Amino acid sequence: MSQDNIDILKRALKREKEARKSAEKILEQKSTELYYSKKKIEELYREVESELTRTDSQLQGVFENIVDAYVIIDMAGNVLKMNVTAADLFDFKSVKAEENLMSMVLPEDIDYVSQSFKKLQKEGSIKDFKINIKTNRNYVKHVHVNASIIYDKGIAVAAQGILRDITQENKYQKSLEAEREKYRAITANMNLGLLEVNNNDEILLCNLSFCEMSGYAQKELIGKRASDIFLDSEVAQIIKEENLKRQKGHSNSYELKVKNKHGKIRYWLVSGAPNYNLEGQVIGSIGIHLDITAFKKLQEQKEKLLNELEKSNDELHEYAHVVSHDLKSPLRSINALVSWLKEDNIEKLDATSIENFGLIETTLEKMEQLISNILTYSSLGEQKHSKGLVDLNDVLLEVKRTIYLPKHISLNVNSKLPFINGDKIKLEQLFQNLIGNAIKYCDKEEGFIEINCQEFDDHFEFSVKDNGIGIEEKHHEKIFKIFNYLNKSKDSSGIGLSIVKKIVSLHGGEVWLKSVVNEGTTFYFTLKK
Amino acid sequence: MKGIVFTEFLDLVEDKFGLEMVDKIIEQSELESGGAYTSVGTYDFSEMLQLLKNLSSYTGISIDDLLLVYAEHFFSVLEENYPSFFKTYTDPIEMLASIENHIHVEVIKIYPDAELPTFELVERTDNSLIMIYKSSRAMHHFGLGLMNKTFEHFNTTASIILEKIKEDGTEVKFIINKN
């Protein structure tokens with residue numbers, strides 16, 4: 001081998017050695033790097049492992065303690081895992097129950113559910129999904145679901161969901177809405193004006209009727225102070241006081257004089273109640289308004305009429321008195337003059353003239369009685385005698401004592417008579433008139449008058465029965481009217497039954513009669529207890 | 001540049017021209033590594049350029065032709081060392097089209113500091129491919145050699161035309177038509 005070749009080989013060998021050494025060095029270095037990398041990886045692994053354990057126990061805690069139902073299902077709907085709340089929600093016996101949730105879907109919801117499940121698979125999650133389910137015990141519940149897909153290496157393997165039973169919530173919500181709608185319909189349609197104000201009397205809400213009542217449009221009212229719009233300062237003070245009462249929680253009703261948009265004075269009846277917030281604090285008040293202007297005017301008119309009536313009644317009484325007295329005195333003068341004329345000329349007068357004088361005297365007497373009766377009638381309405389407890393037995397005794405009872409007529413009181421709250425004099429007049437009539441119209445040889453009394457809940461019913469001439473039915477009504485007398489007898493003024501009717505009315509009673517012509521008449525009347 | 005390129009290159013030179021030639025081109029070059037290469041090391045590309053230049057001047061063969069031959073040799077090295085890699089492909093066009101997006105990505109995974117050329121895909125049909133090679137190394141014929149071998153690997157041939165876009169060969173269009 002030549003020296004050149006030896007040199008070449010030597011150099012090649014040297015290069016090989018160096019290459020080997022550098023390779024060894026590189027490998028040593030790489031191996032050290034690998035060792036440290038491995039250490040690092042082991043450390044990381046431990047960290048990850050403990051992190052995983054911690055997270056896992058955290059998740060387990062969440063899973064067990066979560067208030068809502070939590071469930072994991074496979075893609076066919078079979079329950080893989082659930083918490084106690086979920087088992088309760090579905091009415092399963094335990095969390096170990098092997099069930100399929102798809103069987104709980106109501107038939108009518110199947111399309112809706114499968115669409116939603118597709119959406120869940122496509123988008124990975126679904127929120128605020130609401131559905132009716134039929135539980136294991138056949139209860140239908142309304143549940144709210146938030147769900148998401150669990151992936152394993154990018155493949156959907158299961159779905160997890162958090163469910164909440166909103167059956168009650170839904171029911172409450174629905175009934176709340178119904179109530180609200182009812183309330184809204186009432187406020188909108190009622191004929192009463194509704195106004196809601198806050199504690200500063202600023203208008204928050206008013207209904208259509210209120211707008212019509214006040215003449216203002218809704219937008220002219222909202223936000224304004226009600227008292228500024230409707231009231232003058234004097235009335236405003238009332239409102240202020242009422243509002244203060246309401247802030248203390250009192251409800252009340254009161255009348256208000258207000259001015260509407262057209263400047264017209266109107267009267268409103270306001271029924272106000274405090275308005276509370278959820279914390280029970282008074283936040284304002286709600287008032288119901290009724291326009292009583294027309295009613296108020298009628299009342300005013302009525303009062304005015306009553307006053308006028310009273311005045312003209314008084315005038316009438318006065319007039320009757322005056323007329324009676326004024327008429328009576330010339331009558332007496334005529335009577336006196338006629339009797340003097342008769343006495344002075346008794347020798348010169350023939351029989352016919354004497355008889356005519358007699359007729360004049362009778363007529364004058366009758367006229368005198370007529371005038372007296374008018375006076376009695378017209379003074380009946382006056383409260384001259386105070387009312388008191390009157391023993392009707394005493395009244396009857398007094399009547400018997402004063403009245404002239406012919407021998408052929410008997411008067412019997414068949415019942416013990418009660419005490420009546422009334423005017424003794426008038427009650428005497430009442431019995432006097434009825435008994436007097438019975439005597440006056442007796443045409444039988446043996447006449448009788450019977451007085452009876454019957455007690456009822458709130459009144460007594462009296463009857464005065466006779467066997468006199470009787471009254472035809474067609475006259476039953478008009479006999480109670482003043483100056484209506486059927487027989488023109490000399491001592492009938494035609495005023496007696498009018499007085500009876502008036503006295504009975506004054507004592508809160510009624511009067512009527514039953515009668516058979518030629519057999520007799522029974523007058524009935526009632527007196528309040 | 002990866003050491004394996006150097007070791008395989010020198011092995012090929014020794015094979016074709018003898019150890020003397022190896023010694024000669026190393027001695028003639030000014031090499032930082034001193035020509036002691038190991039496949040696991042990484043060396044400066046200028047060392048390869050010097051070795052190629054010297055080999056070209058000693059043998060009278062052009063650098064491009066040397067690279068072509070060397071590439072054909074290097075392909076067998078790859079076949080031997082990464083057989084599983086070739087099994088991923090059934091078609092040479094498919095394999096070449098994926099140089100940029102798949103093969104080089106895998107290379108970077110194994111050799112993070114490798115400096116690789118880019119192959120921009122211009123046009124692709126089932127039987128043809130147009131790519132633009134870009135690299136400051138101007139080793140397009142190394143690529144050509146590997147491509148030829150690729151077709152050979154799948155028992156087929158192709159006509160490959162090279163059009164230099166830049167005169168220095170840093171940007172070259174490959175027009176490949178499968179036969």
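Per-chain numbering applies: the sequence of each chain, read as written, is numbered from 1 onward. Note on labels: chains are lettered from A, ligands numbered from 1, in written order. Totals for whole chains, interfaces and linings use all residues, but because this is a predicted model, local features are given only for residues with pLDDT of at least 70 and pairs of side-chain atoms are given and counted only at 80 or more. Excluding hydrogens and water, the side-chain figures rest on all heavy atoms present in the structure.

1. Overview of the overall build of chain A
For clarity, the threshold we go by: By the criteria applied, helices consist of DSSP H or I runs no shorter than four residues and strands consist of E runs no shorter than two, each listed in order from the N terminus. When we talk radius of gyration, it's over C-alpha atoms, and the globule rule is simply 2.2 Å times the number of residues to the 0.38. In this scheme, a residue with accessible area under 20% of its type's maximum is buried, one over 50% is exposed, and one in between is partly exposed, where area comes from a 1.4 Å probe on protein chains only. A contact between two residues is defined here by any heavy atoms of the two lying within 4.5 Å. Each accessible area is a Shrake-Rupley estimate made with a 1.4 Å probe; only the visible protein chains count as cover when residues are assessed. Two residue types count as positive, namely Lys and Arg, and two as negative, namely Asp and Glu; His and chain ends fall outside the count. One atom stands in for each charge, and that atom is NZ of Lys, CZ of Arg, CG of Asp or CD of Glu.
Looking only at helices and strands, chain A has 13 helices and 17 strands in total. Radius of gyration (C-alpha) of chain A: 56 Å, far over the 24 Å computed for a compact globule of 529 residues. In terms of its C-alpha atoms, chain A occupies a principal-axis envelope of roughly 225 × 60 × 40 Å. For chain A, buried positions account for 35% of its 529 residues. Here the contacts in chain A between residues at least 6 apart in sequence split such that 54% fall between residues at least 24 apart. Carbon and sulfur atoms provide 53% of the accessible area of chain A, an area that totals close to 34500 Å². Where the 75 positive side-chain charges of chain A centre and where its 81 negative ones centre are 8 Å apart.

2. Notes on the side chain of B:Lys149
Residue and element names in this part refer to chain B. Note the following rule: N or O atoms closer than or at 3.5 Å make up a polar contact, with two conditions inside protein: a donor-capable atom paired with an acceptor-capable one, and, for residues adjacent in sequence, both atoms drawn from side chains.
Relative to the elements of secondary structure, Lys149 occurs in helix H8 (residues 140–153). At a separation of 3.0 Å, a polar atom in the side chain of Lys149 contacts the side chain of Glu152. Beyond its immediate chain neighbours, meaning those up to four positions away, Lys149 contacts Glu72 and Phe75.

3. Here we look at the UniProt feature "domain: PAS" (unreviewed entry) in chain A
Residues and elements named next belong to chain A. Put simply, the rule is: UniProt positions are given in the numbering used here, feature names are shortened, and annotations may be inferred rather than shown by experiment.
Per the UniProt entry, the sites bearing "domain: PAS" (unreviewed entry) are residues 55–124 and 179–243 in this numbering. In this annotation, residues 55–124 is assigned 46% helix and 14% strand; the end-to-end C-alpha distance for the span is 22 Å. Span residues 179–243 is 58% helix and 15% strand, its end C-alpha atoms 27 Å apart.

4. Brief notes about the pairing of strand S1 (residues 69–74) of chain A
Residues and elements named next belong to chain A. What counts, and what does not: Pairing between strands is defined by DSSP: at least two bridges between them are needed.
Of all 6 residues that make up S1, 6 are buried, and the element is covered over most of its length. What you see with S1 is no split at all: Ala69, Val71 and Ile73 on one side and Tyr70, Ile72 and Asp74 on the other are buried throughout. Where S1 and strand S5 (residues 155–165) come together, 6 bridges link them in antiparallel fashion. In the sheet register, Ile72 faces S5, and the bridge partner there is Gln160. Between S1 and strand S2 (residues 79–82), which pair antiparallel in sequence order, lie 4 residues; one of them, Gly77, sits at a positive phi of approximately 100°.

5. Digging into the sheet that holds strand S8 (residues 252–259) of chain A
Residue and element names in this part refer to chain A. To keep things clear, this is the line we draw: Every axis corresponds to a line fitted to the C-alpha atoms, with the helix fit spanning only the stretch in contact, and the corresponding angles, defined between N-to-C directions, vary from 0 to 180 degrees.
Read across the sheet, 5 strands follow the order S7-S6-S10-S9-S8 without closing on themselves; strand pairing throughout is antiparallel. The sheet terminates laterally at strand S7 (203–206) and S8, the two strands that pair on one side only. Each adjacent strand pair in this sheet contributes to an overall mean axis angle of 30°, direction not counted. Sheet analysis places S8 next to strand S9 (residues 265–276), joined by 8 bridges and oriented antiparallel. Counterpart to Lys259 in the pairing with S9 is Ile265. In this fold helix H8 (residues 233–247) packs onto S8, S9 and strand S10 (282–291), with an angle of close to 150° to the strand it touches most, S8. Strand contacts of helix H9 (residues 293–344): S8, S9 and S10, with the helix running at about 125° to S9, the strand carrying the most contacts.

6. Quick word on the domain arrangement of chain B
Residues and elements named next belong to chain B. Put simply, the rule reads: Boundaries of every domain are those given by an automatic assignment or by a domain database. Accessible area that two parts lose when put together, with a 1.4 Å probe and added across both, is what the buried area reports. Here, a salt bridge means any side-chain nitrogen of Lys or Arg that lies within 4 Å of a carboxyl oxygen of Asp or Glu. The residue classification treats Ala, Val, Leu, Ile, Met, Phe, Trp, Tyr, Cys and Pro as nonpolar and Asp, Glu, Lys and Arg as charged. All others, Gly included, are polar.
Splitting chain B by domain gives domain 1 (3–61) and domain 2 (67–178). Between domain 1 and domain 2, the contact holds 9 residues from the first and 10 residues from the second. Ranking the residues of domain 1 by area buried against domain 2 places Glu8, Leu12 and Phe45 at the top, with a combined share of 51%. At the boundary of domain 1 with domain 2, the tally comes to 0 salt bridges. On the surface where domain 1 and domain 2 come into contact, there are 2 residue pairs in polar contact (both at pLDDT 80 or more). When residues of the side of domain 1 that touches domain 2 are traced back to their parent elements, those giving at least two are helix H1 (3–17) and helix H3 (45–59). Its residues placed into classes, the side of domain 1 that touches domain 2 shows 7 nonpolar, 1 polar and 1 charged.

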